Amino acid sequence: WPGVVLAAILGLVAKLCACVGQYGIGYFAGKNVSVQKTIGVDTVPTRAIEKILNRRGMDIGKVAILVGGPDWPTSVTCGILNL
């Protein structure tokens, strides 16, 4: 059991570090056209993520995207939107 707990903690820390780093990319480099092109700001899925994340409050759709959405577009979009 100690190995499972250690693996879960390390996985959580790695996931959080990656999301914070990707948020930073969106926050600091979000105006850069190459970053916007990389996450596909003009694609339908990314526009849908943006629309849902801009809603006020914390509803089931927002939670589903933050928990189960693709890390790179979601985190960078949050950084671009300053969420």
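Residues numbered from 1 in each chain as written. Predicted model: local features only at pLDDT ≥ 70, side-chain atom pairs only at ≥ 80, totals over all residues. Heavy atoms only, no water.

A. Layout of the packing of helix H3 (residues 44-53) against helix H4 (residues 60-68). Across the interface, H3 lies against H4 with an axial gap of 9 Å and an inter-helix angle of 125°. Here H4 runs oblique to H3, going by the angle between their axes. Of the two possible hands of crossing, H3 and H4 adopt the one that is left-handed. Within the contact between the two elements, H3 uses Ile49, Ile52 and Leu53 and H4 uses Gly61, Lys62, Ile65 and Leu66. Grouping the constituent residues of the contact of H3 with H4 by class yields five nonpolar, one polar and one charged. (Axes fitted to C-alpha atoms, helices over the stretch in contact; angles between N-to-C directions. Helix = DSSP H or I, 4+ residues; strand = E, 2+ residues; numbered from the N terminus. Parallel < 35°, antiparallel > 145°, perpendicular 65-115°, else oblique. Left-handed = near helix turned anticlockwise from the far one by under 90°. Contact = heavy atoms within 4.5 Å. Nonpolar A, V, L, I, M, F, W, Y, C, P; charged D, E, K, R; others polar.)

B. Representation of the packing of helix H1 (residues 2-29) against helix H5 (residues 71-81) in the model. Contact geometry for H1 and H5: axes closest at 6 Å, N-to-C directions at 50°. In terms of their interaxial angle, H1 and H5 are classed as oblique. Along this stretch, H1 crosses H5, giving a crossing that reads as right-handed. Contacts between H1 and H5 pair Lys15, Cys19, Gln22, Tyr23, Ile25, Gly26 and Tyr27 from the former with Asp71, Trp72, Ser75, Val76, Cys78, Gly79 and Ile80 from the latter. Across the contact of H1 with H5, the residue classes tally to eight nonpolar, four polar and two charged.

C. Representation of the environment of Tyr23 in the model. Note that Tyr23 resides in helix H1. Residue classification places Tyr23 among the partly exposed residues on the basis of a relative accessible area of 27%. Considered as a pair, Tyr23 and Ile80 are 57 residues apart in the sequence and their alpha carbons are 8.0 Å apart. Excluding residues within four positions of it along the chain, Tyr23 makes contact with Ser75, Cys78, Gly79, Asn82 and Leu83. (Buried < 20%, exposed > 50% of the residue type's maximum accessible area, 1.4 Å probe, protein only.)

D. Structural view of the pattern of salt bridges. One pass over the full model with this rule turns up two salt bridges. For Glu50, the salt bridge is made with Arg47, and the minimal N-O distance between the two is 3.5 Å. Here the residue Glu50 and the residue Arg47 both occupy positions in helix H3, the gap between them amounting to three residues, near one helical turn. Judged by its relative accessible area of 23%, Glu50 is partly exposed. (Salt bridge = Lys/Arg side-chain N within 4 Å of Asp/Glu carboxyl O.)

Coordinates in, geometry out; function isn't part of it.
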